[in-house]
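Examination of the molecular architecture
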Amino acid sequence: MREDFPKFQEFSIPAVLLLRGVVYAEDERVWNLLLSNTSRLTDYFSRLGLVLIVNESEGMAFLRQMSDEETPEGYDVIPKLFHTSRLSYKQSILCVLLREEYRRFEEEEAHDEKCVVDESALFDQWKALRLSPGDDVKHLKEMRATFKRLDDFGFVRRFSDDPPTWEVRRILKARLPAAELESLKDQLLVKKEEQATSRISLDEEIE
């Protein structure tokens, strides 16, 4: 073992997990290490051009890239670790539906610790907002593939296979606040209306 290797510091544990994704309060050991080392972690990540967000009321912490306005002089040369990627239309639809479910979950003040949704409960709403034609089998396949993609983003995770249900993760609320939710819903409805109008015009031309 190298004798000149830096002494192990426990804050390295939440640091690595934050670089991998979201840290939740349910992981008590890591969460407590994070809270007791918030200042050190904030300083460490700021040197990488990252901002540590700790939301104790929601019981979660995550990292985001510094905005241009926040970046101190000289730090703009640091390569970006996180890149903002736009959601696809299908991903946007599902995020809106899931965010609405999470809002209802909070308003009901349910005693359940997790917001769990059934695929079948969202299917009709999914079909109503889809732009492409197709039968139920095709739409269900698309919706399930989109769920898996949102799982990759950390927005959901599989809760059960029979019936197919998903847990909506709290990070979705942080990534899609109420104001952005309303804006995204409006964009989806406008796009759907534009498609419906175009289809009517095409039908009239054919006739």
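Residues numbered from 1 in each chain as written. Predicted model: local features only at pLDDT ≥ 70, side-chain atom pairs only at ≥ 80, totals over all residues. Heavy atoms only, no water.

1. Considerations on the overall build of the chain
Put simply, the rule reads: Only DSSP runs of H or I covering at least 4 residues are called helices, and only runs of E covering at least 2 are called strands; the numbering of each starts at the N terminus. Note on classification: 1.4 Å probe, protein chains only; a residue is buried when its accessible area is under 20% of the maximum for its type, exposed when over 50%, partly exposed between these limits. Note on areas: these come from Shrake-Rupley sampling with a 1.4 Å probe, and a residue is covered only by the protein chains present in the view.
If you tally the helices and strands in the chain, you get eight helices and six strands. Going from the N terminus to the C terminus, the chain shows its helices and strands as α-β-α-α-β-β-α-β-α-α-β-β-α-α. Within the chain, the proportion of its 207 residues that are buried is 33%. Accessible surface, the chain as shown: approximately 13600 Å² in total, 51% of it carbon and sulfur.

2. A word on the pattern of salt bridges
Put simply, the rule is: Salt-bridge detection follows one rule: a side-chain nitrogen of Lys or Arg within 4 Å of a carboxyl oxygen of Asp or Glu.
Within the structure shown, the criterion is met by 15 salt bridges. Close ionic contact of R149 with D152 constitutes a salt bridge, the shortest N to O distance being 3.3 Å. Of the two residues, R149 and D152 both sit in helix α6 (residues 136-153), three residues apart, roughly one turn of that helix. One salt-bridge network, in which partners are shared between bridges, spans E119, R144, R158 and D161.

3. Focus: the sheet that holds strand β5 (residues 156-161)
To keep it simple, the criterion reads: Two strands pair under a simple rule: DSSP has to find at least two bridges between them. Here an angle of 0 to 180 degrees is reported between the N-to-C directions of two axes, which are lines fitted to C-alpha atoms, with helices fitted over the stretch in contact. Whether two residues are in contact is decided by their heavy atoms, any of which lying within 4.5 Å being enough.
Here three strands make up an open sheet; going across it, the order is β4-β6-β5 and the pairing antiparallel. The open sheet terminates on both sides in strands that have one partner only, identified here as β4 (115-118) and β5. Recorded for the sheet is a direction-independent mean angle of 30° between the axes of neighbouring strands. Here β5 pairs with strand β6 (residues 164-168) via five bridges, running antiparallel. Its bridge partner lying in β6, V156 is registered against V168. Against the sheet, helix α4 (residues 89-107) makes contact with β4, β5 and β6, and its axis sits at roughly 130° relative to β4, the strand it touches most. Seen against the sheet, α6 touches β5 and β6 and runs at an angle of roughly 130° to β5.

4. Digging into the pairing of strand β2 (residues 50-55)
For a regular strand, the rule is simple: side chains alternate between the two faces of the sheet. In this structure, β2 lies alongside strand β3 (residues 60-65), joined through six bridges in antiparallel fashion. Each bridged residue has a counterpart across the sheet, and for L52 the counterpart in β3 is L63. Turn length for the β2-β3 hairpin, with the two strands adjacent in sequence and antiparallel, is four residues, and the turn residue G59 shows positive phi of about 70°.

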